[in-house]
Structures are given as structure tokens and as C-alpha cells.
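Structural description and commentary
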Amino acid sequence: MFTMSLLAPRITAAASKHQRCVSTAAGLSLYDRGHRSISSSSTPKLAYEIITDGKVSSSPHDIINQDKQTIVFLHGLLGNAKNLRTPAKKLTRQLPNLSAILLDVRGHGGSSGSQQHVQPHNFHSCVSDIFHTLKPLGLVGENSPTAICGHSLGGRIALQYTHTLQQQRDHDIQTPQQTWILDSVPGTPDPSVHHVLKAISSIPLPIPCKSTLTETLMSEYKMNKAIAMWIASNLKGKNGEHDWVFDLDIANELVDNFADQNFDTMIREITSGSSGRALESTIQLVMAGRNKEWKEDIVSSLRSIPTFGDSFHMHKLENAGHWVHVDAVNELTQLMVDGLSNTRR
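Computed from a prediction, not measured in an experiment: that's the story for all the values here.

**Description of the overall build of the chain**
On a plain count of helices and strands, the chain comes out with 12 helices and 10 strands. Buried positions account for 55% of the 345 residues belonging to the chain. When contacts within the chain are restricted to residue pairs at least 6 apart in sequence, long-range pairs at least 24 apart make up 77% of them. Accessible surface, the chain: about 14,600 Å² in total, of which carbon and sulfur atoms supply 47%.

Below is the structure:
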């Protein structure tokens, strides 16, 4: 029986009618109309959507033309930007000086086209994608995002993003003042992740319809109905010709990178200012109380980091499963509001 605790969210309401801004070969028709200029010479690498004042917009000008700070949101494995809409809406509603940009990471959602991305498919490449999305939108220099927040896989990419900016310091984008990591457990992924990826990879394409896929996953792969329905929601196509909205090859390669990321060391270096420059970034790690992958040795190792309690903080949401932004969205939002209220660029 697959647990899928590290992948599947609850089945929620129907998808929003709003559309995300997706990069195209022709580019976006953008212009400078305020505080930040948008480059028309290049197109954002990743698909994205913008949330400001608690509302989703299809216009990049909502984030560019207002004198607001920006937070970047990154979803988890086999997910997409809309997974994090609810906390982004709540956060920007409570902090009206903050806008959010939600990205589809490489191989996922609107960024899933394999022709968009070249190997290697690793966290460094994911960070490069983010750079090549923020720069055309004018989110550089003093307008750089003041915070980044990632769930699961997204949390690992967020950590890599902050570490890259702080260590290399040769980018147009400034290091975020805060990095929020939502239930990203250090080390190798839970075995259920590999099992699910293997099961999905074995499904013949094209897939006739969502109901057929749901039944197959339940009967042949022993998944429960909620999980099978969530996986089936990741289909695109029509008339009996359906494919995945994510790129399985990229997803598998990204999972293979988990063990190579030195999670604890990166936190130490970021929060201790080991680059030789002034300390600029705080890390907030949020743990799900019901996620059994948080073993005592992992937690103890993190708490032994010298900056724990200073520029590195750990929070535990006792009643939440891996999808903390679903199970405890109000608690999570309040944590972030308290942490981000005094953030200034």
C-alpha cells in the first residue's frame, strides 16, 4: 500500500478560472509603467502566477507596478503553482505591502515542456530557472524578492536558491531576507516517493480518461481512492488521449538529487554568514507534526546548528500532515505574517 504522505494533498475545490502566465516563444507584451521595469528582450523561463491583495491576477503588472515587496512560492514534487494559492492569498491579504509570485518549477505544470529545459535536471538548474524568470520581470536589485517559501521539493530548491545567492554574490538578484522551508525532510526521500514514480512511469500512454486511471491505480497499485484521484487530476488532453501535466523524466532526476543536497551544511553557511559578508538571511523551517519522517536524529542534528534560535528557527505544527499549507493553513499563515511583518528591503 502506498502511503504517498510526501506527495498527495487533499482533494480540494475545482480549479480556479484564473490562468497562469506561461512563457511562450513569442514572449510577453510587457512594458515599464512604474517602480520596476520589465524586460521585453527576454521571456520568463518558468510559468508563473501573481497574487496581490489576496487575489490571483494574470497580469505581471500587479507585481511590477506597485511599491510592494515580493515573496516567491515553490510547490512540491508532481505539483504546480496553484497548490500554494491559499496561503499566498491569505498572506498577501494580511500583509498588503507584499505580493506573491508562484512558480511552476521545471518539469511541472506550465513549465513541463521538455524542450524548455536541458540537462542536468538538478537543484542548481532549478535555481537558474528562477533567476531567468525573475530577471525579465524586473525583480532584481532593490526590487529582488525579500522572501522565498517552498514546500517539500520546493523547500529544497528554496534553500539552494538562497545558498547560491549568498555564496556566489555575483547575481543581479539579492539574497532573500527570509527563507521558509515547509516540511522538507533532509536526506533521501521516503521510499513511497520512488514507488509512486515507478507506478506512474509504468502506466501506458495515452491514458483513456481520469476514471480509468483512478481505477487502475486502486486495483493494480493498491492506492487509496483519494490518492488515486489526485494523481488522475494531473492529466491533460481530451478525447481519450491523455498525458501527464508533469515530465516524469525530470521528476525522477530531481528526486535522485535529494541525497546529494547537504541540507544541514547549507543552513549553517547561510545563517552564519560564512561567505564573509554581513548576515542577511534567516531560515524558518516548518515541520509537520504528523510526518513520521522527522526522526529524532534528524531533528537533533538540525537543532545542533549554532545559529538555531537566532537566525535559524524551527516550528512544529502538531496537527498537520506533510501538506502543512492545507492541514494547518491558518497557523502557517500566522507564523509567516509574524515573521515577515518586519521584513524590509
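**Some thoughts on helix α3 (residues 123–134)**
Compared with the 16 Å implied by 1.5 Å per residue over 12 residues, the 17 Å span of α3 between its first and last C-alpha is a close match. The element α3 is largely enclosed, with a buried count of 9 among its 12 residues. Looking only at α3, the buried set comprises Phe 123, Ser 125, Cys 126, Val 127, Asp 129, Ile 130, Phe 131, Thr 133 and Leu 134. Buried residues along α3 sit in contact with β3 (69–74), β4 (98–103), α4 (153–168) and α8 (248–256).

**Concerning the packing of aromatic side chains**
Counting across every chain of the model gives 4 aromatic pairs. When the centroid spacing of 5.3 Å and the interplanar angle of 10 degrees are considered together, the rings of Trp 244 and Phe 246 count as stacked. Comparing Trp 244 with Phe 246 shows no difference in burial state: the two are buried. One Lys or Arg, Arg 156, reaches over the ring of Phe 258 and ends 4.2 Å from the middle of that ring.

**A few points about the sheet that holds strand β1 (residues 48–52)**
Taken together, the 8 strands give an open sheet; going across it, the order is β2-β1-β4-β3-β5-β6-β9-β10, and neighbouring strands pair in mixed fashion. Either end of the sheet is taken by a strand with one partner, and the two such strands are β2 (55–57) and β10 (312–317). Sheet twist, expressed as the average angle between the axes of neighbouring strands with direction ignored, equals 20 degrees. Helix-sheet contacts for helix α9 (residues 263–272) involve β6 (178–182), β9 (282–288) and β10, and the interaxial angle to β9 is about 145 degrees. Lying over the sheet, helix α10 (residues 296–303) contacts β9 and β10, oriented at roughly 150 degrees with respect to β10.

**A few points about the pairing of β6**
Of all 5 residues in β6, 5 are buried, a share of seventy percent or more. Here β6 shows no split at all, with Gln 178, Trp 180 and Leu 182 on one side and Thr 179 and Ile 181 on the other all buried. As defined by bridge partners, strand β5 (residues 147–151) adjoins β6 across 5 bridges and the pair is classed as parallel. Considered in β6, the bridge of Ile 148 is made with Thr 179. Judged from the 5 bridges that link them, β6 and β9 form a sheet pairing that is parallel. When the bridges of β9 are listed, Ile 181 appears paired with Leu 285.

**Observations concerning the confidence of the model for the chain**
Of all residues in the chain, 82% attain a pLDDT of 70 or more, and the chain-wide mean is 85. Of the regions scoring below 50 in pLDDT, residues 11–19 engages in 8 contacts with residues more than four places distant in sequence or in other chains. Taken as a whole, residues 23–38 scores under 50 in pLDDT and shows 41 contacts with residues more than four places along the chain or in a different chain.

**Digging into the nonpolar core**
The biggest cluster of nonpolar side chains holds 50 residues, and the ones touching the most others in it are Leu 74, Ile 157, Tyr 161, Ile 231 and Trp 244. Among the elements that make up this core, the one with the highest residue count is α3 (6 residues). Core analysis: the next-biggest nonpolar cluster, separate from the first, contains 26 residues, Phe 73, Leu 98, Leu 182 and Met 336 among them.

**Considerations on the packing of α3 against α4**
Put simply, α3 and α4 touch, their axes get as near as 9 Å, and they point 75 degrees apart. Here α4 runs roughly perpendicular to α3, going by the angle between their axes. Packed against α3, whose contacting residues are Phe 123, His 124, Cys 126, Val 127, Ile 130, Phe 131 and Leu 134, the element α4 presents Leu 153, Arg 156, Ile 157, Gln 160, Tyr 161, Thr 164 and Leu 165 at the interface. Looking at the contact of α3 with α4 residue by residue, the class counts come to 10 nonpolar, 3 polar and 1 charged.

**A closer look at the pattern of salt bridges**
By the definition in use, this model includes 4 salt bridges. When the shortest N-O distance is used, the salt bridge between Asp 53 and Lys 68 registers 2.8 Å. Taken together, the residues Asp 53 in the loop between β1 and β2 and Lys 68 in the loop between α1 (61–64) and β3 connect sequence positions 15 residues apart. Under the relative-accessibility criterion, Asp 53 is labelled partly exposed at 37%. The exposure class assigned to Lys 68 is buried, which follows from its relative accessible area of 10%.

So, how was this worked out
Residues numbered from 1 in each chain as written. Predicted model: local features only at pLDDT ≥ 70, side-chain atom pairs only at ≥ 80, totals over all residues. Heavy atoms only, no water. Helix = DSSP H or I, 4+ residues; strand = E, 2+ residues; numbered from the N terminus. Buried < 20%, exposed > 50% of the residue type's maximum accessible area, 1.4 Å probe, protein only. Contact = heavy atoms within 4.5 Å. Areas by Shrake-Rupley, 256 points an atom, 1.4 Å probe, with all protein chains shown as cover. Expected span 1.5 Å × (residues − 1). Phe/Tyr/Trp six-rings, centres within 6.5 Å; stacked < 30°, edge-to-face > 60°. Lys NZ or Arg CZ within 6 Å of the ring centre and 35° of its normal. Pairing = 2+ DSSP bridges. Axes fitted to C-alpha atoms, helices over the stretch in contact; angles between N-to-C directions. pLDDT = per-residue confidence, 0-100. Core = buried A, V, L, I, M, F, W, Y, C linked by side-chain atoms within 4.5 Å. Parallel < 35°, antiparallel > 145°, perpendicular 65-115°, else oblique. Nonpolar A, V, L, I, M, F, W, Y, C, P; charged D, E, K, R; others polar. Salt bridge = Lys/Arg side-chain N within 4 Å of Asp/Glu carboxyl O.

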